[in-house]
Amino acid sequence: KFAMKHRIERVCEVLKRELGQIILRELTFPTPLVSISGVDITPDLKQAHVYVSAMGTDVQREAILAVLEQNRGMLQAEVSKRVVLKHTPHLSFKLDDSIERGSRVLNILDDLGLDETK
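What you see is a predicted model; the values in this text were computed from it and never measured. The written sequence of each chain sets the order in which its residues are numbered from 1. In keeping with the predicted nature of the model, local features appear solely for residues at pLDDT of at least 70, side-chain atom pairs appear and are counted solely at 80 or more, and the whole-chain, interface and lining totals rest on all residues. Only hydrogens and water are set aside when side-chain values are computed; all heavy atoms of the structure are taken into account.

Caption draft 1: The environment of D44, seen in detail. Counting through the fold element by element, D44 comes out in the loop between β1 (34-41) and β2 (47-54). On the basis of relative accessibility, which here comes to 47%, the residue D44 falls in the partly exposed class. Polar contact is the term for a pair of N or O atoms within 3.5 Å; when the atoms are in protein, one must be able to donate a hydrogen and the other to accept it, and sequence-neighboring residues count only if both atoms are side-chain atoms. For D44, the side chain forms a polar contact with the side chain of T42, separated by 2.6 Å. For D44, the side chain forms a polar contact with the main-chain nitrogen of K46, separated by 3.0 Å. By the criteria applied, helices consist of DSSP H or I runs no shorter than four residues and strands consist of E runs no shorter than two, each listed in order from the N terminus. Throughout, exposure labels follow a simple rule: accessible area from a 1.4 Å probe, protein chains only, divided by the maximum for the residue type, with under 20% read as buried, over 50% as exposed, and the rest as partly exposed.

Quick look at the structure:
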């Protein structure tokens, strides 16, 4: 069981790295800072949830998701060439707003005069 969990983690890391490289080279987004912050894959390796972090407005962030959705076929094809798996997982993209949440927390702390990082 531990070996399987470890394999899934490794597959997630490889997918994250490869997708990051592919989107950097192949796609253009409305904002410059777009990265793959994480990948969760189902135990059967058939579905992968790809978490995307991006700076920008809500509209820009939705546009980034749209670009990824439009290019899902190409991304899956590229992944299948680079990552040897029995089945290439179906990619679904979700915005990771942890950067934005962290930034909001820092702004609130700053407003309260509690930001210890300065």
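Caption draft 2: Focus on the sheet that holds β1. DSSP bridges decide pairing: two strands pair if at least two such bridges lie between them. An order of β1-β2-β3 is seen for the 3 strands of this open sheet, with the pairing classed as mixed. Of all strands in the sheet, those with a lone pairing partner are β1 and β3 (90-95), marking the two edges. Geometrically, the sheet is characterised by an average inter-axis angle of 30° between neighbouring strands, direction not taken into account. By the bridge criterion, 7 bridges tie β1 to β2 in an arrangement that is antiparallel. Residue V39 lies in a different strand from β2, and its bridge partner there is V50. Contact criterion: two residues are considered in contact whenever any of their non-hydrogen atoms come within 4.5 Å of each other. Fitted lines through C-alpha atoms serve as axes, helices being fitted only where they are in contact, and the angles separating the N-to-C directions of these axes extend from 0 to 180 degrees. Here helix α2 (residues 58-70) sits on the sheet in contact with β1, β2 and β3, set at roughly 175° to β3.

Caption draft 3: Quick look at the nonpolar core. We call a set of buried Ala, Val, Leu, Ile, Met, Phe, Trp, Tyr and Cys residues a nonpolar core when their side-chain atoms join them within 4.5 Å. Among the nonpolar cores identified, the biggest contains 28 residues, and L68 and L75 are the most heavily contacted of them. Residue assignment for this core shows that the elements contributing at least two residues are α1 (2-26), β1, β2, α2, α3 (72-82) and β3. Apart from the residues lying within four places of it in its own chain, the contact partners of L75 are L19, I22, I23, L27, L68, L91 and F93.

Caption draft 4: Here's a closer look at the pairing of β2. Turn length for the β1-β2 hairpin, with the two strands adjacent in sequence and antiparallel, is 5 residues, and the turn residue L45 shows positive phi of about 65°. Sheet topology places β2 next to β3; 6 bridges connect them, and they run parallel. Pairing of Q47 across the sheet is with H90, part of β3.

Caption draft 5: Spatial organisation of α3. Those residues of α3 that sit buried are R72, L75, Q76, E78 and V79. Along the axis of α3, the buried positions cluster into a sector of 165°, meaning they face one direction only. Opposite its buried face, α3 presents the exposed residues G73 and K81, each directed more than 90 degrees away. Throughout, the arc means the angular range of directions from the helix axis out to the C-beta atoms.

Caption draft 6: Local environment of unusual backbone geometry. Even without glycine at this site, L45 takes up a positive phi of about 65°. Note on placement: L45 falls in the loop between β1 and β2.

Caption draft 7: The side chain of E18, seen in detail. Take E18: it is sitting in helix α1. Taking the relative accessible area as the measure of exposure, E18 reaches 11% and is therefore buried. Not counting the four nearest positions on each side in its chain, E18 is found in contact with R82 and V83.

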